[in-house]
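Overview (structure and organization)
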Amino acid sequence: MSSAIAVIDFETTGMSPAQGARATEVAIVLLEQGRVVDRFQSLMHSGAWVSPFITQLTGISNEMLRTAPPAAQVMREAARFVGQAPMVAHNASFDSKFWQAELALAGESAPQLFACTMLLSRRIYPQAPSHSLGHLARYLQLPSTGRAHRALADAEMAAALLARMQQELCTRHALPWPGHELLMQLQRRSRAAADGWLAQQAAPSLLAAR
DNA sequence: TGCCAGGCCCTCTTTAGGGCCTT
């Protein structure tokens with residue numbers, strides 16, 4: 001069984017699909033054991049209007065979307081690309097809402113569980129001055145992935161952040177390579193309880209190594 | 001009529017308020 005994790009990032013016309021915002025671009029990076037093994041990226045045309053503010057923020061214009069493939073087609077391809085892999089995003093409450101909303105409009109189900117690199121970074125790097133993706137990338141000196149606020153660059157950055165945190169858990173807490181289930185359990189712990197819980201998780205592996 | 005995200009987390013807290021984070 002594959003241990004792949006799908007790291008996703010959406011660019012959108014606004015903050016919430018409940019208020020009519022639509023996705024304009026999606027990118028997904030497949031990670032296995034902290035290594036990128038595949039990528040998916042596409043603009044998507046939903047007919048929604050892109051405001052000048054969003055065009056300035058993302059570089060994505062109404063003109064660019066006019067010739068983009070239909071949103072439903074892109075989302076069906078994205079769902080096939082992800083398959084059964086569990087998912088990760090930075091501030092996953094945002095991207096998971098668009099994943100569910102856009103797939104619903106495409107007539108597809110969205111059963112995937114989302115882990116969140118922002119919640120995880122608050123547990124693993126509580127001392128970081130900011131937990132925005134850009135600030136964390138600079139704080140951890142992650143390699144540049146391209147223009148911020150484009151989907152593939154941000155998905156690659158989130159993937160690099162995830163891989164760094166998985167490595168950090170291995171080295172700092174003597175854990176075996178942490179999979180999606182452990183990440184989900186860690187992000188559900190309070191910040192105050194995270195270190196103690198991680199120490200408990202490490203104990204069996206330390207005993208096994210003796 | 002007026003307003004419009006929402007979950008997490010800290011603190012001047014828990015019968016609450018406000019900043020962070022995503023576009």
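Described in the following lines is the structure provided in the data block. Quick caveat: nothing in here was measured; it's all calculated off a predicted structure. (Residues numbered from 1 in each chain as written. Chains lettered and ligands numbered in written order. Predicted model: local features only at pLDDT ≥ 70, side-chain atom pairs only at ≥ 80, totals over all residues. Heavy atoms only, no water.)

Structural notes on the packing of aromatic side chains
Put simply, the rule is: We call Phe, Tyr and Trp rings a pair once their centres come within 6.5 Å, taking the six-membered ring for Trp, and we label the pair stacked below 30 degrees between planes, edge-to-face above 60, and tilted otherwise. In DSSP terms, a helix is any run of H or I states spanning at least four residues, a strand is any run of E spanning at least two, and both are numbered starting from the N terminus.
Counting across every chain of the model gives three aromatic pairs. An angle of 45° between the planes, with centres 6.3 Å apart, marks the rings of Phe10 and Phe98 as tilted. Of this pair, Phe10 sits in strand E1 (residues 5–12) while Phe98 sits in helix H4 (residues 92–105), and the two are 88 residues apart along the sequence. Aromatic pair Phe94 and Phe98: ring centres 5.0 Å apart, planes at 45°, arrangement tilted.

Let's talk about the pairing of E1
The criterion, for reference: With a 1.4 Å probe rolled over the protein chains alone, any residue whose accessible area is under 20% of its type maximum counts as buried; one over 50% counts as exposed, and the rest are partly exposed. Any two strands with at least two DSSP-identified bridges between them are counted as paired.
Counting buried positions along E1 yields eight of eight residues, so the element is predominantly enclosed. What you see with E1 is no split at all: Ile5, Val7, Asp9 and Glu11 on one side and Ala6, Ile8, Phe10 and Thr12 on the other are buried throughout. Direction of pairing for E1 relative to strand E2 (residues 23–32): antiparallel, over a ladder of eight bridges. Counterpart to Phe10 in the pairing with E2 is Val26. Of the pairings in the sheet, the one linking E1 to strand E4 (residues 87–89) comprises two bridges and is parallel in character. Across the sheet, the residue bridging to Val7 is Val88, located in E4.

Some thoughts on the protein's contact with DNA strand B
Basically, it comes down to this: Think of it this way: one heavy atom of a residue within 4 Å of a molecule or strand is enough to make that residue near it. A 3.5 Å cut-off defines polar contacts: any pair of N or O atoms within that distance qualifies, except that in protein one atom must be a possible hydrogen donor and the other a possible acceptor, and neighbouring residues in sequence count only when both atoms are side-chain atoms. For this classification, the nonpolar set comprises Ala, Val, Leu, Ile, Met, Phe, Trp, Tyr, Cys and Pro, the charged set comprises Asp, Glu, Lys and Arg, and every other residue, Gly included, is treated as polar.
Around DNA strand B, 26 residues are found, and the nearest of them are Glu11, Arg123, His131, Leu133 and Arg191. A share of 69% of the atoms of DNA strand B within 4 Å of the protein falls on sugar and phosphate groups. Asn91 has a polar side-chain atom sitting 2.9 Å from a sugar or linking oxygen of DNA strand B. Within the side chain of Asp154, an N or O atom sits 3.3 Å from a phosphate oxygen of DNA strand B. Counting only elements with at least two residues in the surface near DNA strand B, the list comes to E1, helix H1 (52–58) and helix H5 (117–124). Taken together, the residues of the surface near DNA strand B sort by class into nine nonpolar, 11 polar and six charged.

Side note on the packing of H5 against helix H8 (residues 180–188)
Applicable threshold: Helix axes use the C-alpha atoms of the stretch in contact, all axes being lines fitted to C-alpha atoms, and the angles between their N-to-C directions lie in the range 0 to 180 degrees. Roughly parallel means an angle under 35 degrees; roughly antiparallel means over 145; roughly perpendicular covers 65 to 115; every other angle is labelled oblique. Note: crossing handedness is left-handed where the near helix turns anticlockwise from the far helix by less than a right angle, and right-handed where it turns clockwise. Any two residues whose heavy atoms approach within 4.5 Å are treated as being in contact.
Orientation of H5 relative to H8, taken along the N-to-C sense of each, is 70°, at an axis distance of 9 Å. Taken as axis vectors, H5 and H8 run roughly perpendicular relative to one another. As H5 runs across H8, the sense of the crossing is left-handed. Here Leu119, Leu120, Arg123 and Ile124 of H5 lie close against H8, whose contacting residues are Leu183, Leu186 and Gln187. Its residues assigned to classes, the contact of H5 with H8 comprises five nonpolar, one polar and one charged.

A few points about the environment of Ala71
Structurally, the position occupied by Ala71 is in helix H3 (residues 71–82). On the basis of relative accessible area, Ala71 is assigned to the buried category, the value being 5%. Note: C-alpha distance between Ala71 and Trp177 (106 residues apart in sequence) is 36 Å.

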